[in-house]
Amino acid sequence: MGVPLFDTRSPLEPLREELHAAALRVLDSGSYILGPEVAAFEEELAAYCGAAQAVGVANGTEALTIALRAMGVGPGDEVVVPSFTFYASAEAIPPTGATPVFCDIDPATYCVTPETVRAALTPRTKAVIAVHLFGNVAPVAEIEALGVPVLEDAAQAAGSRSAAGRPGALGTAATFSFFPSKNLGCFGDGGAVTTSDAALAERVRTLRFHGSHDKVTYEQVGYNSRLDELQAALLRVLLPHLDGWAGGRRAAGAHYEQAGLGELATLPVPVPGAEPAWHLYVIGHPDAARLEAALAAAGIGHKPYYRTPVHRQPAMRPWGANVELPATEHAAATHLAIPMSPVLTRAQVEEVVGVVRGAS
Ligand SMILES: Cc1ncc(COP(=O)(O)O)c(C=O)c1O
């Protein structure tokens, strides 16, 4: 039958009319940039996360760069970042003038730990980017206990929870991406920065509008990086459903476990205290290529997202050339994302596991 890697359409079907009405409301309003929809979505997102403020920006990559600059990161500074992540987590650092310093991950959770971060700290470290990879929740408080501010990269973790609260409210600041396939995805590009530091939020607002807070005086070289009204209005329709979809993702993960996938491959492990809303369901297998071939033959979606870790990407050569990260290399070679969505059924899970069993 085949199973898609993810399904962004089905969860939206029941919301068609509401989405159409929200889009028309904006089209008819005459207000398209930084109007009432963005302001309302910012309040709703902040409340959802448990942060004091949210600031809408153009995408999750600029959210990172802008948040780092608002945290005071600049030329001469170092920012610790995992290499096993989407490229943008590290790509966002050089535009601030700072240097990426790559750290390793915990091979079970795919997230950074206080130990892997500590190994990368120097007197020049200004911040750590803790990526909540695949929807897991990195141990932010334990990393901040090392005495360094943490920027959460929560692009993949909307809807996840941890004992300490939700991604978005765990570090000094956090960033989100609303890329369409994300747990909270819009209908184009979008992003946000959340924080409970009012001064930091104000610096983000200034940076997203050309480095000006009054549109008259330009104090910094900033960005033209705004979430637009249309996307904000659509996201306001989706946000109340995020927890329900997160539950569907957790249920799908539980189905994989119940179907015996853990006997055939290494399953993703939640960080202690975390309840991940799995954005990607990533398993480990020593012969990932064999698994890929079997899944492809059965029409089952799969993707090795980060076969070449970020520190070995050509553009990162200046900062990644002599870095050795054994857990990252192992994860890069063995990981494979298999189907995950809020509407993945038990029957679909069993079909996937059957194919993995046949290839094992
Ligand atoms: C971990 C991570 N960080 C940053 C980003 C960048 O977000 P965007 O594509 O909205 O720029 C993404 C997703 O694309 C991501 O998965």
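Our subject is the structure listed above.
Our subject in this report is the structure included herewith.

About the cut-offs
Residues numbered from 1 in each chain as written. Predicted model: local features only at pLDDT ≥ 70, side-chain atom pairs only at ≥ 80, totals over all residues. Heavy atoms only, no water. Axes fitted to C-alpha atoms, helices over the stretch in contact; angles between N-to-C directions. Helix = DSSP H or I, 4+ residues; strand = E, 2+ residues; numbered from the N terminus. Parallel < 35°, antiparallel > 145°, perpendicular 65-115°, else oblique. Left-handed = near helix turned anticlockwise from the far one by under 90°. Contact = heavy atoms within 4.5 Å. Nonpolar A, V, L, I, M, F, W, Y, C, P; charged D, E, K, R; others polar. Near = heavy atom within 4 Å. Polar contact = N/O pair within 3.5 Å; in protein donor to acceptor, adjacent residues only side chain to side chain. Areas by Shrake-Rupley, 256 points an atom, 1.4 Å probe, with all protein chains shown as cover. 1 Å grid on protein atoms, 1.4 Å probe; cavity = no way out; pocket = protein on both sides within 12 Å on 5 of 7 lines; lining within 4 Å. Sits in = over half its atoms within 2 Å of the grid points. Points joined across faces, edges and corners; volume = space filled by probe spheres on them.

Observations regarding the packing of helix α10 (residues 288–297) against helix α13 (residues 346–359)
When two helices pack together, their arrangement is given by the angle between the helix axes and the distance between those axes. Two numbers describe how α10 lies on α13: the axes approach to 9 Å, and their chain directions differ by 130°. Taken together, the axes of α10 and α13 are oblique relative to one another. Considering how the two elements wind past one another, α10 and α13 form a crossing that is right-handed. For the pair formed by α10 and α13, the contact residues are R290, L291, A294 and L295 on the first element and V352, V355, V356 and A359 on the second. By residue class, the composition of the contact of α10 with α13 is seven nonpolar, no polar and one charged.

Thoughts on the site of the ligand
The immediate surroundings of the ligand are formed by 13 residues, with G60, T61, D153, S177 and K182 found nearest. A distance of 2.9 Å separates an oxygen atom of the ligand from a polar side-chain atom of Q156. In isolation the ligand exposes 380 Å². Once the protein is present, 91% of that is buried. Counting atoms within 2 Å of the grid points, the majority share of the ligand lands in the largest pocket. Among the elements of the structure, α3 (60–70) and α4 (88–91) are those that each provide at least two residues to the shell around the ligand. Its residues placed into classes, the shell around the ligand shows four nonpolar, seven polar and two charged.

Notes on the environment of R205
Looking at where R205 falls in the secondary structure, it is placed in helix α7 (residues 198–208). Counting along the chain gives 146 residues from R205 to N59, while the straight-line C-alpha distance between them is 14 Å. Look past the residues within four positions of R205 in its chain and what remains in contact with it is E42, Q53, A54 and V55. Reaching out from R205, the side chain makes a polar contact with the side chain of E42 at a distance of 3.1 Å.

Some thoughts on empty space enclosed by the protein
Within this structure, the stated rule accounts for one cavity of 30 Å³ or more. Together, L45, Y48, C49, A157, A158, G159, S160, R166, P167, F176 and L242 line the largest cavity. The leading source of residues in the lining of the largest cavity is helix α2 (residues 36–49), at three residues. Its residues assigned to classes, the lining of the largest cavity comprises eight nonpolar, two polar and one charged.

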